[in-house]
Amino acid sequence: MRLLCLTFLFWSVWRGNGIEKVLVSAFLPVAPPSARPQRFGSELSEQRHVSSDFSFEGELGFQFHSSIASIPKDDWNSCGGDGVNISAFMDHSWLRCLEESECACGDTGWVAQHLAIMLNGETVGYVPLYLKGHSMGEFIFDNAWAEASYQNGISYYPKMLSAVPFTPATGNRILWHPSICRIYNKKEIARLRQTVATFLRRTAEANKISSVHINFMTEEEATDIGGELKDITSNGNEELSVQDRVKKMLTFRSRVKDDYLRRTSVQYHWKNANPNNHGNRFKSFEEYLGCFKSKRRINIRRERQTVLQDEGILIDAIRGKDILQYPGLVEKMFEIYKSTIDKMYFGRQYLNLEFFQMLAESDFLENLCFMCARYNETDQTEFSAQDVFAGTFNVVKDGVFYGRYWGSLAKKDIKNLHFETCYWSAIEYCIDQGIERMEPGAGGGDYKFARGFDPALIHSVHYICHPALRTLHL
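Residues numbered from 1 in each chain as written. Predicted model: local features only at pLDDT ≥ 70, side-chain atom pairs only at ≥ 80, totals over all residues. Heavy atoms only, no water.

**Looking at the side chain of threonine 421**
Phase 1 of the analysis: Here threonine 421 shows up in helix α14 (residues 417-433).
Phase 2 of the analysis: Once you skip the residues sitting within four places of it in the chain, threonine 421 turns out to touch Ile315, Met371, Gly391, Thr392, Trp406 and Ala426. (Helix = DSSP H or I, 4+ residues; strand = E, 2+ residues; numbered from the N terminus. Contact = heavy atoms within 4.5 Å.)

Structure representation (structure tokens):
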């Protein structure tokens, strides 16, 4: 784990000035050329059809799209499965804003090659797909493969990635039109997914692409493509803690047909389910506190008191179209987002102001939720964007609250403001609004676990084209 953390630090700051490079080189060797962002052609030459051991009622075909804008929004968003809405960050508008704001484009190492899946000439599904010239902005780390490639004179970039840029959130990565879910049963859909995975593998091999990575996919997708996870979390009658069970699970790698490796990592999620009341939703934040031991309840109340009472800070939730009622709020939230990056030695700015503004002008606005911190001035009770000095940028859709970006413009460090804004006020908002789950993103496992967030496994599968690299146990 220590090596992984140092490796992440290195990949994050290699672009810095000479002093930064010298400091980092004390921990790790100079960045291999293959690890640095590269430019490459965006045309994939490969057969557009692939055979399968599953007998379809027609021919399964594929077509690449060089931008999400070239795919009709309604067609893409309709492919959420049978009666299921497409997940928040797979929404066409979110991806379009990323690409058209040039946050995810060729110049930043993300070349769109979105895949349309066709049956009898009609589009029945899609796969978000990018050719990558680096491994940044992914949150599933493959640095060991990149380093092993460099040491052995093997080009690791470009590689092929199915994921949402800069977004560590789980969702379907192979999208199907509802008709497919009605025509085929689960076993047949599993074979459809395997056929898509085979096509991606063959495309990579034919185009001298080092690897295929499908990140933050659903557990069902990971099982269909990468095989079952074995139950290695218990040993006879041995009693293991939740954290120990997760650690054991994370050591498991499964290699199956077509040599797709299955990997697991972990995040911490909060669920709006009271274990003391048959799993029913919490009625209030105080009821939620009732799930903690007395000492922990006291500590949480003290944490909140230092912010809300001692500092006199208000936390407002501004959501959807209400955001547009406050001029300058979108720009202020971008400023807050960028403040965290500027303060961090290894910070990397993936998003720009244009992306924030485009989201606010799109139909995705209804999914945005800003938690805004301001001082509770006695002579000013009305909300104003000018008064906001800290907050979080969040997305709420289909009963899930996704915490994304936090920052503070305060000149001094305000104790517990981060916890209040990112967790306590957000949880209170979820309880008040009946939101079922909160996913605060990657990192921070220890303090999230201590605040009532439970471990959740994150799934990905990987195909490494070079046979020697494929045998590495990472």
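So, next bit.
**Digging into the sheet that holds strand β3 (residues 114-119)**
Phase 1 of the analysis: The sheet built from four strands is open, its strands ordered β1-β3-β4-β7 with antiparallel pairing. Edge positions in the open sheet fall to β1 (60-65) and β7 (175-176), since each of these has one partner strand only.
Phase 2 of the analysis: In this structure, β3 lies alongside strand β4 (residues 122-127), joined through five bridges in antiparallel fashion. Bridged to leucine 119 within β4 is glutamate 122.
Phase 3 of the analysis: The strands touched by helix α7 (residues 186-206) are β1, β3, β4 and β7; relative to β1, the strand with the most contacts, the crossing angle is about 50 degrees. (Pairing = 2+ DSSP bridges. Axes fitted to C-alpha atoms, helices over the stretch in contact; angles between N-to-C directions.)

**Some points on the nonpolar core**
Phase 1 of the analysis: Counting residues in each nonpolar core, the largest one holds 53 residues, and the members touching the most others are Trp94 and Leu329.
Phase 2 of the analysis: Sorting the residues of this core by element identifies α4 (92-100), β2 (110-112), α12 (329-343), α13 (353-361), β12 (368-375), β13 (390-397) and β14 (400-408) as the ones contributing at least two each.
Phase 3 of the analysis: Once residues lying within four places of it in the same chain are set aside, the contact partners of tryptophan 94 are Ala88, Phe89, Val164, Thr167, Phe355, Leu359, Phe364, Phe393 and Val395. (Core = buried A, V, L, I, M, F, W, Y, C linked by side-chain atoms within 4.5 Å. Buried < 20%, exposed > 50% of the residue type's maximum accessible area, 1.4 Å probe, protein only.)

**Details of the packing of α7 against helix α8 (residues 219-226)**
Phase 1 of the analysis: Put simply, α7 and α8 touch, their axes get as near as 9 Å, and they point 70 degrees apart. Looking at the two axes, α7 sits roughly perpendicular to α8. The chirality of how α7 crosses α8 is right-handed. Mapping the contact onto sequence places Lys186, Ala190, Arg193, Gln194 and Ala197 in α7 and Glu220, Glu221, Asp224 and Ile225 in α8.
Phase 2 of the analysis: Its residues placed into classes, the contact of α7 with α8 shows three nonpolar, one polar and five charged. (Parallel < 35°, antiparallel > 145°, perpendicular 65-115°, else oblique. Left-handed = near helix turned anticlockwise from the far one by under 90°. Nonpolar A, V, L, I, M, F, W, Y, C, P; charged D, E, K, R; others polar.)

**Notes on the state of the cysteines**
A covalent bond bridging the sulfur atoms of two cysteines is what the word disulfide describes.
Phase 1 of the analysis: Under the defined criterion, the tally for this structure stands at zero disulfides.
Phase 2 of the analysis: Just so you know, cysteine 79 is unpaired, no disulfide at all, and the nearest cysteine sulfur is the one on cysteine 181, 9.2 Å from it.
Phase 3 of the analysis: In this model cysteine 103 remains outside any disulfide bridge; the closest cysteine sulfur is found in cysteine 105, 8.1 Å from its own.
Phase 4 of the analysis: Since its relative accessible area comes to 4%, cysteine 103 is described here as buried. (Disulfide = S-S within 2.5 Å.)

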